[in-house]
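Residues per chain, in single letters:
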Amino acid sequence: MLWKLLAIALLTAGLTAAVACGDDDDDDTSGDDAASTTAPAGETGTDAPDGGDELEPLALQASDFAFTPTDLTAVAGDPYELTVTNSGNTAHTFTVDSLSIDEEIPGGESVTIEVTFPVEATEFYCRFHQSEMTGSLTPE
């Protein structure tokens, strides 16, 4: 019986010490972590390659057998978040050979792709319907 009481006392002391140490570590490092990961006021913390907060959004729709719009214009060299929405039932792709992009978009779904705009006008197309579905990425 004495051994059981001694074991319980040691276990309780060990747990108390562990909790106390854990609290000290959390208090000390939470301030350091917060300082190192907190973005300045007005920033979300999502870094774009150009140092901005977030990627600029662009949108493209694939329906029936056409893209809308057929020409996307943006700043050359800047990254953008392009959402391609397939509003039809037929699967399509958003393919840009020179940027190594080939994303399939099932009917009724959307995909979001990071696209860095090229310095020269570049064609995009649907790999399944290339004769009908083309467009261009045009730098400003």
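Residues numbered from 1 in each chain as written. Predicted model: local features only at pLDDT ≥ 70, side-chain atom pairs only at ≥ 80, totals over all residues. Heavy atoms only, no water.

> Can you tell me about the overall build of the protein, naming the residues and giving the values?
Along the protein, the regular secondary structure elements total one helix and nine strands. When the helices and strands of the protein are listed from N to C terminus, the series reads α-β-β-β-β-β-β-β-β-β. Buried residues in the protein amount to 26% of all 140 residues. Taking the intrachain contacts of the protein between residues at least 6 apart in sequence as the baseline, contacts between residues at least 24 apart amount to 55%. (Helix = DSSP H or I, 4+ residues; strand = E, 2+ residues; numbered from the N terminus. Buried < 20%, exposed > 50% of the residue type's maximum accessible area, 1.4 Å probe, protein only. Contact = heavy atoms within 4.5 Å.)

> With reference to specific residues and values, describe the pairing of strand 7 (residues 110–116).
In the case of a regular strand, side chains alternate between the two sheet surfaces. On strand 7, burial follows the alternation: V111, I113 and V115 on one face are buried, whereas S110, T112, E114 and T116 on the facing-out side are not. As defined by bridge partners, strand 4 (residues 79–86) adjoins strand 7 across seven bridges and the pair is classed as antiparallel. Its bridge partner lying in strand 7, T83 is registered against T112. (Pairing = 2+ DSSP bridges.)

> Describe the sheet that holds strand 2 (residues 66–68), naming the residues involved and giving the relevant values.
The mixed open sheet is built from four strands, whose spatial order is 2-1-4-7. Every interior strand has two partners, whereas the edge strands, strand 2 and strand 7, have only one. Going from strand to strand, the sheet's axes swing by 25 degrees on average, the running direction of each strand aside. Bridge count between strand 1 (residues 56–63) and strand 2: three bridges; the pairing is antiparallel. By the bridge assignment, Q61 is partnered in strand 2 with T68. (Axes fitted to C-alpha atoms, helices over the stretch in contact; angles between N-to-C directions.)

> Just give me the short version of the environment of F128, but keep the residues and values in it.
Within the secondary structure, F128 is located in the loop between strand 8 (122–125) and strand 9 (134–139). On the basis of relative accessible area, F128 is assigned to the partly exposed category, the value being 38%. Between the alpha carbons of F128 and H92 there is a distance of 6.3 Å; along the sequence they are 36 residues apart. Excluding its chain neighbours within four sequence positions, the residues that come into contact with F128 are A91, H92, T93 and E104.

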